[in-house]
Structure formats: C-alpha cells, structure tokens
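What follows is the residue order along each chain.
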Amino acid sequence: MERKIKVMEACYLERSLDFVQQVFEEYKDLEEGKVVRALVEEIRSKKYYLPEMELLMVDEEDNINGYAMFSGFHLEGKYEGEMLILTPVAVRTSLQRRHISRDLIEYGFEKAKKLGYKAVLVEGNPRNYHSRGFVTAAEYGIMPGASVHLPRIDCLMVKELAPGALEKIKGQVEYDFYRALM
C-alpha cells in the first residue's frame with residue numbers, strides 16, 4: 001500500500017470529519033465519534049487552528065487512512081506561538097499497528113519545529129505516546145486544570161521540540177476554550 005502524507009486541503013475537509021467520527025465510533029461508541037467530530041469542527045473555527053498542521057495519510061486511491069491534528073495552545077494565556085496540542089489522532093481500524101500514526105506524528109513534529117514551536121501537549125494512553133518522546137507533563141509543572149478529566153495523571157503528556165523549552169513552560173492545562181470538550 002502506497003502512503004502519502006498530505007496537509008489539509010478543501011477536498012478533504014468533510015471526508016476527514018467522516019473519517020475521524022467513524023474511527024472513534026469503532027474505537028468507543030457513537031457518542032465518542034460525535035464528540036471528536038465536533039471538536040475538529042470547533043478547532044477549525046478558532047484562532048488556534050493551523051491548516052498546515054492538520055495532516056492526513058492517504059493511499060494510492062486517495063482514501064484517508066490516518067489523521068492527526070496539531071493546533072495552537074496556551075497555558076493560562078501564556079506560551080501562545082510556542083505550544084501545540086495534538087488532538088485528535090485517528091487511524092483506520094483495519095490498518096492500526098502499521099506505523100501510520102507514528103509517521104503522521106513525526107512529520108508533524110518536524111513541521112512544528114520549522115514553524116518555531118517549542119513543545120507539544122497530548123492527552124492519551126502513555127503506551128501510545130512514550131515511544132514518540134512524550135513524558136508525563138506533571139514532571140515539568142504542566143498540570144491538568146478543572147476542565148481536564150484524566151483517568152491518571154500520566155495521561156497528560158508533553159514533548160519538547162526545542163532543547164530546554166520545558167524548563168520555562170509551566171502552568172495549568174484547561175480545555176474550557178472548547179465547548180465540545182465540556
């Protein structure tokens with residue numbers, strides 16, 4: 001299977017929403033699919049949306065097989081232009097464990113570095129992200145706020161893109177900017 005990473009284009013806007021919704025419905029349930037779709041739509045409508053950081057993995061027939069969205073983020077109103085959040089990441093269920101998400105995320109890291117970003121935040125299963133260089137955010141003084149509901153503290157992770165960046169970035173993570181997550 002041929003794989004190609006693409007940056008979001010108009011022809012993929014609706015298809016990518018359908019794709020993300022389907023993957024999260026299969027992963028968890030109908031409600032989760034709707035929430036994640038609403039989140040993507042909301043991120044696209046906000047000032048932190050970075051179309052060049054909304055990434056797709058397509059095959060030779062132009063089917064979407066993977067998706068990763070990096071968008072701007074801040075902690076307590078600080079670090080805008082320095083931080084990104086990685087959410088959501090989705091891979092076609094039948095193609096998981098074939099390094100699609102790895103390739104998308106690594107491509108995103110390189111692109112983010114070129115754009116001058118210093119760190120990336122993610123929430124998820126640590127087993128899925130430690131291999132990409134993410135560490136528990138709390139170890140660096142980046143803590144979940146009241147709007148962040150985690151099963152465990154180590155599910156909020158951060159990755160340094162610029163050496164020493166996490167020595168200076170501290171604060172509480174809040175999702176209250178996004179209605180879809182409330």
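Quick summary incoming for the structure in this document. Only a predicted model underlies this, so the values are computations on that prediction, with no experimental measurement involved.

### Let's talk about the sheet that holds strand 8 (residues 156–160)
The seven strands lie next to each other as 1-2-3-4-5-8-6, forming an open sheet whose pairing is mixed. Both edges of this open sheet fall to strand 1 (4–7) and strand 6 (135–136), since each of them pairs with a single strand only. In this structure, strand 4 (residues 78–91) lies alongside strand 5 (residues 119–123), joined through three bridges in parallel fashion. In the strand pairing of strand 5, Leu 84 is matched with Val 120. Sheet contacts for helix 1 (residues 13–27): strand 2 (54–58), strand 3 (64–75) and strand 4; angle to strand 4, the most-contacted strand, approximately 70°. Lying over the sheet, helix 2 (residues 30–45) contacts strand 2, strand 3 and strand 4, oriented at roughly 55° with respect to strand 3.

### Regarding helix 2
A rise of 1.5 Å per residue sets the reference length of helix 2, with its 16 residues, at 22 Å; its end C-alpha atoms lie 23 Å apart and thus fit the reference within 8%. For helix 2, the full list of buried residues reads Gly 33, Val 36, Arg 37, Leu 39, Val 40, Glu 42, Ile 43 and Arg 44. Contact partners of the buried residues in helix 2: helix 1, strand 2, strand 3 and strand 4. The opening residue of helix 2, the one whose side-chain oxygen lies 3.2 Å from the backbone nitrogen of Glu 31, is Asp 29.

### Focus on the pattern of salt bridges
All chains considered together, the criterion is met by 14 salt bridges. Linking Arg 15 and Asp 62 is a salt bridge whose minimum nitrogen-to-oxygen distance equals 3.5 Å. Remark: Asp 62 occurs in the loop between strand 2 and strand 3 and Arg 15 occurs in helix 1; sequence separation between them is 47 residues. Relative accessible area serves as the criterion here: at 34%, Arg 15 is assigned to the partly exposed category.

Conventions used here
Residues numbered from 1 in each chain as written. Predicted model: local features only at pLDDT ≥ 70, side-chain atom pairs only at ≥ 80, totals over all residues. Heavy atoms only, no water. Pairing = 2+ DSSP bridges. Helix = DSSP H or I, 4+ residues; strand = E, 2+ residues; numbered from the N terminus. Contact = heavy atoms within 4.5 Å. Axes fitted to C-alpha atoms, helices over the stretch in contact; angles between N-to-C directions. Expected span 1.5 Å × (residues − 1). Buried < 20%, exposed > 50% of the residue type's maximum accessible area, 1.4 Å probe, protein only. Polar contact = N/O pair within 3.5 Å; in protein donor to acceptor, adjacent residues only side chain to side chain. Salt bridge = Lys/Arg side-chain N within 4 Å of Asp/Glu carboxyl O.

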